[in-house]
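# Structural features, examined
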Amino acid sequence: MKLAIVGGGPAGLYLSILLKRQDPTHDIAVYERNPEGSTYGWGVTFWAGLLDKLRAGDPESAAAVAEASVTWTDGVAIVRDERTVHRGDAGFGIGRRRMLGLLADRARELGVRVEFEHDVPGPDAPELADADLVVAADGVNSALREAHAGHFGPTMTSGRNKYIWLGTTKVFDSFSFAFKETEHGWIWCYAYGFSGERSTCVVECSPETWQGLGLDTRGEADSLNLLEKLFHDLLDGHELIGRDRADAPAQWLTFRTLTTRTWHHRNLVLLGDAAHTTHYSIGAGTTLALEDALALAEALHGHPDLDTALTTYGKRRRAELLSAQSAARYSAQWYENLPRYMALEPAHMFALLGQRHSPLLPHIPPQLYYRLDRAADHLQPLRRLKRWLGPHLARALHTRRS
């Protein structure tokens, strides 16, 4: 087969690796419009389950990613000025630029043509003319998807809160949160290490707090200075870094959730953020994109007929994404309704932070939910009721919205 993959993010590069391993005679090209090494963002997170899948897909790149990653096991939260710790599962962080470099090197090693600074503006581009399969891995603003928007049926919804993606020279050894109350409302930060020199910091707040603090009008240097003062106890005197590329200043954004009705049109198939996004607060974007690549490679290997393979892939991934999309929706809503939980003791509030994916939580007073959750740890009938009620309520709410 001749394959053209448009977009050199984790999903597109990893798919090229998987398909070249399946059949070295495949003619595969990856086209990325940006220069090599100029990726946006700081670090990405994943959990041990993804590493197991990557090892099965390509042991060599999995080993390289694992070696370049940092790990943590605890969650730490500073609520107002009180610090609390939650023991959890091991998590991993890796620099996005580092991950892409490793995947690009592995793809080239296998014989994939990886072409940077090569824009493919739409489905009529000459690079795609004779391809047996075209993969749209060109992100949430996918030009290939939008050229057939009537078929793919994309739906984009915007969240309420404002957020900004920053770096810092403070190296965190745990996944850390800080919640600060200002005269204009709450502002908070998620922080995690991704190398021995840098960490990611995502700062979020309501639009009222954003405007009240003047973050809508301050320049970058002034904004970072204010945020460093607000989160001084989290940062321990380290600076915040506003841009990961010299030509791309950090921007305050509103998260956009993308869903699509179908994932392929003729020989064009969607991958990663071109097909779906899930709120950054569940830390699953890169994982879901790589899982897309694994599923698409498996479908292509298992079904000689292209349309059957692409249909199988789309149905499987849309079904598998339901739980992650539900978790992301409730997680985003939890933060959008943060004041509801901030009267709790810090340890209780942090416990409910870990329960933010629950469809029950928005409908039960927070302190009562906390007590029921603690009781469910010791009473099996209550635990079974909670497990049964959550999915049923989620389906009922989804039906009502539909």
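Residues numbered from 1 in each chain as written. Predicted model: local features only at pLDDT ≥ 70, side-chain atom pairs only at ≥ 80, totals over all residues. Heavy atoms only, no water.

The secondary structure content of the protein amounts to 14 helices and 16 strands. A compact globule built from 402 residues would reach a C-alpha radius of gyration of about 21 Å, and the protein, at 22 Å, matches this within 12%. Taking the principal axes of its C-alpha atoms as reference, the protein extends roughly 60 × 50 × 40 Å. Surface accessibility of the protein: about 18300 Å² in total, with carbon and sulfur atoms responsible for 52%. (Helix = DSSP H or I, 4+ residues; strand = E, 2+ residues; numbered from the N terminus. Rg over C-alpha atoms; globule rule 2.2 N^0.38 Å. Areas by Shrake-Rupley, 256 points an atom, 1.4 Å probe, with all protein chains shown as cover.)

Let's shift gears to the pairing of strand β12 (residues 199–205). The buried fraction of β12 amounts to seven of the seven residues, a majority that puts the element mostly inside the structure. Where strand β9 (residues 162–168) meets β12, seven bridges bridge the pair, whose relative direction is antiparallel. The partner of Leu-166 across the bridge, within β12, is Cys-201. Hairpin connection from strand β11 (residues 185–193) to β12: five residues lie between these consecutive antiparallel strands. (Buried < 20%, exposed > 50% of the residue type's maximum accessible area, 1.4 Å probe, protein only. Pairing = 2+ DSSP bridges.)

Here we come to the packing of helix α2 (residues 48–57) against helix α10 (residues 285–302). Where α2 contacts α10, the axes come no closer than 11 Å and their chain directions differ by 30°. Relative to α10, the element α2 is oriented roughly parallel. Both α2 and α10 take part in a crossing whose hand is left-handed. Where α2 abuts α10, its residues Leu-50, Lys-53, Leu-54 and Gly-57 lie against Thr-287, Leu-290, Glu-291 and Leu-294. (Axes fitted to C-alpha atoms, helices over the stretch in contact; angles between N-to-C directions. Parallel < 35°, antiparallel > 145°, perpendicular 65-115°, else oblique. Left-handed = near helix turned anticlockwise from the far one by under 90°. Contact = heavy atoms within 4.5 Å.)

What follows concerns the environment of Pro-207. You can see Pro-207 is positioned in helix α7 (residues 207–212). Owing to a relative accessible area of 18%, Pro-207 belongs among the buried residues under this scheme. For the pair Pro-207 and Ala-107, spaced 100 residues apart in sequence, the C-alpha to C-alpha distance is 42 Å.

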